[in-house]
Amino acid sequence: MDEDGPAGTGGICDGRVVVVTGAGRGLGRAHALAFAAEGARVVVNDLGVGLDGRPGPDGPAARVVEEIRAAGGEAVAHGGDIATGAGAESLIRTAVETFGRLDTLVGNAGFLRDRMLVNLDEDDWDAVIRVHLKGHFLPLKHAAVHWRAEAKAGRTPVARVVHTGSGAGLLGSVGQANYSAAKAGIVGLTLVAAAELARYGVQVNAVAPAARTRMTEHTFAAAMAAPADGFDAMAPENVSPLVVWLGSAASAGVTGRVFEAEGGRITVMEGWRPGPTADKGARWTPAGAGELARELLSAAEPPGAVYGA
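Residues numbered from 1 in each chain as written. Predicted model: local features only at pLDDT ≥ 70, side-chain atom pairs only at ≥ 80, totals over all residues. Heavy atoms only, no water.

(A) Structural detail: the nonpolar core. Counting 28 residues, the largest nonpolar core has F35, V42, V44, I68 and V207 as its most contacted members. Among residues more than four places away in sequence, those in contact with V44 are V20, A23, A32, A61, V64, V65, I68, A75, V76, A77 and H78. With 26 residues, the next largest nonpolar core counts V17, V19, W147 and V161 among its residues. (Core = buried A, V, L, I, M, F, W, Y, C linked by side-chain atoms within 4.5 Å. Buried < 20%, exposed > 50% of the residue type's maximum accessible area, 1.4 Å probe, protein only. Contact = heavy atoms within 4.5 Å.)

(B) Geometry of the environment of T164. Assignment of secondary structure puts T164 in strand β5 (residues 159–164). Residue contacts for T164: discarding those within four places in its chain leaves G107, N108, H136, K183, I186, V207 and P209. (Helix = DSSP H or I, 4+ residues; strand = E, 2+ residues; numbered from the N terminus.)

(C) Geometry of the pattern of salt bridges. As enumerated under the stated definition, the model contains 10 salt bridges in all. R93 is paired through a salt bridge with E89; the nearest N and O atoms lie 3.0 Å apart. A residue pair is termed a helical-turn pair when its members lie 3 or 4 positions apart in one helix, as R93 and E89 do in helix α3 (residues 85–99) at four residues. Its salt-bridge partner being D103, residue R101 comes within 2.9 Å of it at the nearest N-O pair. Accessibility classification places R101 together with D103 in one group, the buried group. Here the salt bridges do not stand alone but share partners, grouping R29, E67 and E237 into one network. (Salt bridge = Lys/Arg side-chain N within 4 Å of Asp/Glu carboxyl O.)

(D) Quick peek at the sheet that holds strand β8 (residues 265–269). Spatially, eight strands are ordered β3-β2-β1-β4-β5-β6-β7-β8 in an open sheet, and the strand pairing comes out mixed. The open sheet has two free edges, formed respectively by β3 (75–78) and β8, since each of these has just one partner strand. Between one strand axis and the next, the sheet turns by 20° as a mean value, whatever way the strands run. As paired elements, β5 and strand β6 (residues 202–210) share six bridges and run parallel to each other. Within the sheet, the bridge partner assigned to T164 lies in β6 and is V207. Against the sheet, helix α2 (residues 60–70) engages β2 (41–45) and β3, with an angle of about 180° to β3. (Pairing = 2+ DSSP bridges. Axes fitted to C-alpha atoms, helices over the stretch in contact; angles between N-to-C directions.)

(E) Seen up close, helix α1 (residues 26–37). If you check α1, its first and last C-alpha atoms are 17 Å apart, about what 12 residues at 1.5 Å a residue would give, namely 16 Å. Every buried residue of α1 is listed here: L27, G28, A30, H31, A32, F35 and A36. Taken together, the buried residues of α1 touch β1 (17–20), β2, α2, β4 (104–107), β6 and α8 (240–246). Two residues or fewer past α1, G39 is found with a positive phi of approximately 95°. (Expected span 1.5 Å × (residues − 1).)

(F) Spatial organisation of helix α6 (residues 177–197). Taking 1.5 Å of rise per residue, the 21 residues of α6 would be expected to cover 30 Å, and the 30 Å separating its terminal C-alpha atoms lies within 8% of that figure. Packed against the buried residues of α6 are α4 (122–152), β5, α5 (167–171), β6 and β7 (258–262).

(G) Structural detail: the pairing of β1. Side chains V17 and V19 project from β1 onto one buried face, and the interleaved V18 and V20 project onto a second face that is buried too. In this fold, the crossover linking β1 to β2 by way of α1 has right-handed handedness. By the bridge criterion, three bridges tie β1 to β4 in an arrangement that is parallel. Bridged to V18 within β4 is T104. (Right-handed = clockwise from strand over helix to strand, strands pointing away.)

(H) Region of the structure containing the packing of α4 against α6. Contact geometry for α4 and α6: axes closest at 8 Å, N-to-C directions at 15°. As far as their axial angle goes, α6 and α4 are roughly parallel. You can see that α4 and α6 cross each other, and the crossing is right-handed. Of the residues in α6, those touching α4 at D124, W125, V128, I129, H132, L133, H136, F137, L140 and A144 are A177, N178, Y179, A181, A182, K183, G185, I186, L189, A193 and L197. Split by residue class, the contact of α4 with α6 holds 15 nonpolar, four polar and two charged. (Parallel < 35°, antiparallel > 145°, perpendicular 65-115°, else oblique. Left-handed = near helix turned anticlockwise from the far one by under 90°. Nonpolar A, V, L, I, M, F, W, Y, C, P; charged D, E, K, R; others polar.)

In short, shape yes, function no, at least from these values alone.
Structure (structure tokens):
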């Protein structure tokens, strides 16, 4: 798996096999179509649930597959629940059995159950953590097992993983404690995976997008509205070029990074790093620790904005 595969359209993902979760609508759909336009063969995963994660009336994955095929591309639908071990294993197996390889995994599946903390039920916490965080971990695990086996067999892959984070996970978001915690967890997972999987030829990055989707068009209705004319900065298709590049061999050497993408803007996010510090070489009293903490805070950068505050 050390080559991208046979030439096709001349795109940067020619011959690559790409799995995109949550690809039936919104960002996932845009990513799947963009990868296909660059020559990738795509596994389109979507469970077909509603905005709150409950079963929906249709199967959007099949419609995206039809769009890709109508444009001359290759794609297959997968409707399994990737937040289960069996569903995630089936997803990776579908790519390998259908197209003979796996090159890129894009984790994108998710939904919202927004509540203020005092009204947030345990079930709503568990459901959002499950689909976002567990739904990123399990496909990653099964893809990593496949890539490790390839590397040990002497076929070191040029593998890529692109996770979907959020500004909510980086800065917090009022009314979205479950979602913010899950997205922050995805960033941590991304950093660990980048370090652990490098030896097998795998790069792992995350993108925190700002775009109009089912999850944002109502919560942030004014900011997400499409303009009457001119550049539609909130169109999900604006995020896909960065995701496609990160999912291609062209992104060699880029791993363990988090990017924000919105409209025509791309930002490299720089996370927690040591700020002002002091060490007296002995234990502090509570009062002394508090006095020092205030001194350090006065010299520190102010915290980032909390969305919706």
